[in-house]
Amino acid sequence: MTHSFDALILGGGAAGLMCAVEGGRRGRRVAVLERADRLGKKILISGGGRCNFTNIHCRPENFLSSNPHFAKSALARYTPADFIALVEKHGIPYHEKTLGQLFCDRSARDILGMLEAECQDAGVSIVLNTKIQQVERTTDFVVRAENAEFRAPALIVATGGLSIPKIGATSFGYDLARQFGLAIRDPWPGLVPLTLSAEDCSHYCDLAGVSAEVIASCDGQQFREKMLITHRGLSGPAILQISSYWKKYWKEPLPILIDLAPGRDVTAVFRHPSTPRNSNTLRSELRNVLPHRLSDRWLDTHAPPSWTNQALADLEKQVHGWAITPAGTEGYEKAEVTAGGVDPDELSAKTMESRKVPGLFFIGEVVDVTGHLGGFNFQWAWASGAAAGRAL
Ligand SMILES: Cc1cc2nc3c(=O)[nH]c(=O)nc-3n(C[C@H](O)[C@H](O)[C@H](O)COP(=O)(O)OP(=O)(O)OC[C@H]3O[C@@H](n4cnc5c(N)ncnc54)[C@H](O)[C@@H]3O)c2cc1C
């Protein structure tokens, strides 16, 4: 049996649902085809179950993309204030946690419930448990699932990236883009813990659970947030943020630089002629800025070769630029996002429609636009979803 609509949206996650709401509100007959047995599974697990649904300081600089200008138009036309207005219309209590990050007071279920209610209001059809087997373009797009066929002149791909395969992430969106001749920027795991070499791990990984505020930098980017030592390497917001900029297979594996004492001069004390130049003094100075176990361990492997002014200056430099080369990442199983994706140059920045294939749209994480940690990925999902929905 064939079901006809004005638009078919593949994927009922954040971007797909926002697109459906906007399209439905315009009187379009919209269907969301979702592979899973429920909508928005990622919304439910996001932000530790409280969904960091946007960031009030959202700017284009908070996103990585092969085309840094691409996201600007959609982000400007659907802003955090637009999403906050929707949240407030539904009476959902929320709070700012830190750095402009807005979270639900109660649960991420509030956000999913809001989107489901908006879809219902806009007359959107939701079809769950739909395993898509084939997509074809005749005069319309024809989507074949196990037991049904769907047709529409517009097809919106909102199937997300590769992160968290255990809740159903697949390469479907990239495969479909390739099928229609669109270029893909190679995907890689972003916002992901980094692993260390066996040697580095032997020095630091038994400190798992220890954290410190640092500045992590790589590839011209830097983030001042917490770093956490894990059983296999490094994590915490500063590391997750910088991981999106670190790629294993660059010509040479690139180190990340960690400033262990941002804004502090740990060797200043040695400028006093009366200060004894020895490891006890140094140890107690570093303990003032780092957890004791981390400062002691770090000094075990970075003891100055002498107590000359030069040796102390070199040590100060190392404290602010500890170069450590990750062995790899924890991969898509642990990555909050997939960076890379459908090449933005294939799409209209205003509508997300393919330049080559009219009627075919890509929105959300499947596109090569990746946000920093802190609510930016949802803001991209809302903004790109709204851009496509308004063009239906
Ligand atoms: C643990 C975790 C926590 C996160 N927390 C936050 C946060 O607090 N704030 C934030 O901004 N971002 C967060 N993110 C990132 C954010 O969840 C994603 O960027 C966002 O969900 C992307 O939206 P999307 O609609 O593009 O894709 P998704 O939300 O992944 O939705 C894609 C949908 O498509 C469906 N699908 C896949 N293949 C098919 C197919 N073949 N046919 C039909 N349907 C299909 C999937 O089942 C899914 O429902 C988090 C991510 C993770 C993994």
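None of the values given here were measured: they were computed from a predicted structure.

1. Side note on the overall build of the protein chain
Thinking step 1. Of the regular secondary structure elements, the protein chain holds 12 helices and 23 strands.
Thinking step 2. Seen through its principal axes, the protein chain has C-alpha atoms that stretch 85 × 45 × 35 Å.
Thinking step 3. The buried share among the 392 residues of the protein chain stands at 55%.
Thinking step 4. Considering only intrachain contacts with a sequence separation of at least 6, the fraction spanning at least 24 residues in the protein chain is 72%.
Thinking step 5. Computing the positive centroid from 42 side-chain charges and the negative centroid from 42, the protein chain places the two 1 Å apart.

2. A short note on the layout of surface pockets
Thinking step 1. Here the second largest pocket is characterised by a volume of approximately 300 Å³.
Thinking step 2. Lining of the second largest pocket is provided by 15 residues; of these, R59, N62, L99, H372 and F376 occupy positions nearest its centre.

3. Observations regarding the environment of G47
Thinking step 1. Its location among the elements puts G47 in the loop between α2 (41–45) and β4 (52–55).
Thinking step 2. Taking the C-alpha atoms as reference, G47 lies 9.8 Å from L102; in sequence the two are 55 residues apart.
Thinking step 3. Leave out the neighbours within four places in its chain, and G47 touches N52 and F103.

4. Thoughts on the side chain of S163
Thinking step 1. One can find S163 in the loop between β12 (154–157) and α6 (172–179).
Thinking step 2. According to the relative accessible area criterion, S163 is buried, its value standing at 0%.
Thinking step 3. In terms of polar contacts, S163 uses its side chain to reach the backbone carbonyl oxygen of V337, at 3.1 Å.
Thinking step 4. Excluding residues that lie within four positions of it along the chain, S163 makes contacts with K42, A169, Y332, A335, E336, V337, T338 and E365.

5. Digging into the pattern of salt bridges
Thinking step 1. For the coordinates displayed, the defined rule picks out 21 salt bridges.
Thinking step 2. The salt bridge involving R26 is made with E22; its shortest N-O contact spans 3.2 Å.
Thinking step 3. By relative accessible area, which is 35% here, R26 ends up partly exposed.
Thinking step 4. R185 serves as the salt-bridge partner of D343, at 3.3 Å between the closest nitrogen and oxygen. Placement of D343 in the loop between β21 (337–342) and β22 (360–362) and of R185 in strand β13 (residues 184–190) is noted, with a sequence separation of 158 residues between them.
Thinking step 5. Under the relative-accessibility criterion, D343 is labelled buried at 10%.
Thinking step 6. Each of E22, R25, R26, K89, E118 and R390 takes part in a single network of salt bridges with overlapping partners.

6. A look at the sheet that holds strand β11 (residues 149–152)
Thinking step 1. Strand order in the open sheet formed by four strands is β1-β11-β10-β9, and the pairing between neighbours is mixed. For this open sheet the edge positions go to β1 (2–4) and β9 (132–137), each flanked by a neighbour on one side alone. Here the strands of the sheet are splayed against their neighbours by 20° on average, with no regard to which way each runs.
Thinking step 2. Here β9 runs beside strand β10 (residues 141–145); their pairing, made up of five bridges, is antiparallel. Bridging from a neighbouring strand, R137 pairs with F141 of β10.

7. Observations concerning the environment of Q318
Thinking step 1. Following the sequence through the fold, Q318 ends up in helix α11 (residues 309–320).
Thinking step 2. Residue classification places Q318 among the partly exposed positions, given a relative accessible area of 37%.
Thinking step 3. Through-space distance from the C-alpha of Q318 to that of I258 is 8.9 Å; in sequence the pair is 60 residues apart.
Thinking step 4. If near-sequence neighbours (up to four positions away) are discounted, Q318 is found in contact with W298 and H302.

8. Comments concerning the site of the ligand
Thinking step 1. A15, E34, N52, E365 and F378 are the nearest of the 28 residues found near the ligand.
Thinking step 2. Within the backbone of A15, one N or O atom sits 2.9 Å away from an oxygen atom of the ligand.
Thinking step 3. The backbone of E365 places a nitrogen or oxygen atom 2.8 Å from an oxygen atom of the ligand.
Thinking step 4. Taking 1000 Å² as the accessible area of the ligand by itself, protein coverage stands at 92%.
Thinking step 5. Mapped by element, the contributors of at least two residues to the shell around the ligand are α1 (14–25), α2 and α12 (376–390).
Thinking step 6. Of the residues forming the shell around the ligand, the biggest block, three residues, is contributed by α12.

Quick notes on the rules
Residues numbered from 1 in each chain as written. Predicted model: local features only at pLDDT ≥ 70, side-chain atom pairs only at ≥ 80, totals over all residues. Heavy atoms only, no water. Helix = DSSP H or I, 4+ residues; strand = E, 2+ residues; numbered from the N terminus. Buried < 20%, exposed > 50% of the residue type's maximum accessible area, 1.4 Å probe, protein only. Contact = heavy atoms within 4.5 Å. Lys, Arg positive; Asp, Glu negative; His and termini not counted. Charge placed at Lys NZ, Arg CZ, Asp CG, Glu CD. 1 Å grid on protein atoms, 1.4 Å probe; cavity = no way out; pocket = protein on both sides within 12 Å on 5 of 7 lines; lining within 4 Å. Points joined across faces, edges and corners; volume = space filled by probe spheres on them. Polar contact = N/O pair within 3.5 Å; in protein donor to acceptor, adjacent residues only side chain to side chain. Salt bridge = Lys/Arg side-chain N within 4 Å of Asp/Glu carboxyl O. Pairing = 2+ DSSP bridges. Axes fitted to C-alpha atoms, helices over the stretch in contact; angles between N-to-C directions. Near = heavy atom within 4 Å. Areas by Shrake-Rupley, 256 points an atom, 1.4 Å probe, with all protein chains shown as cover.

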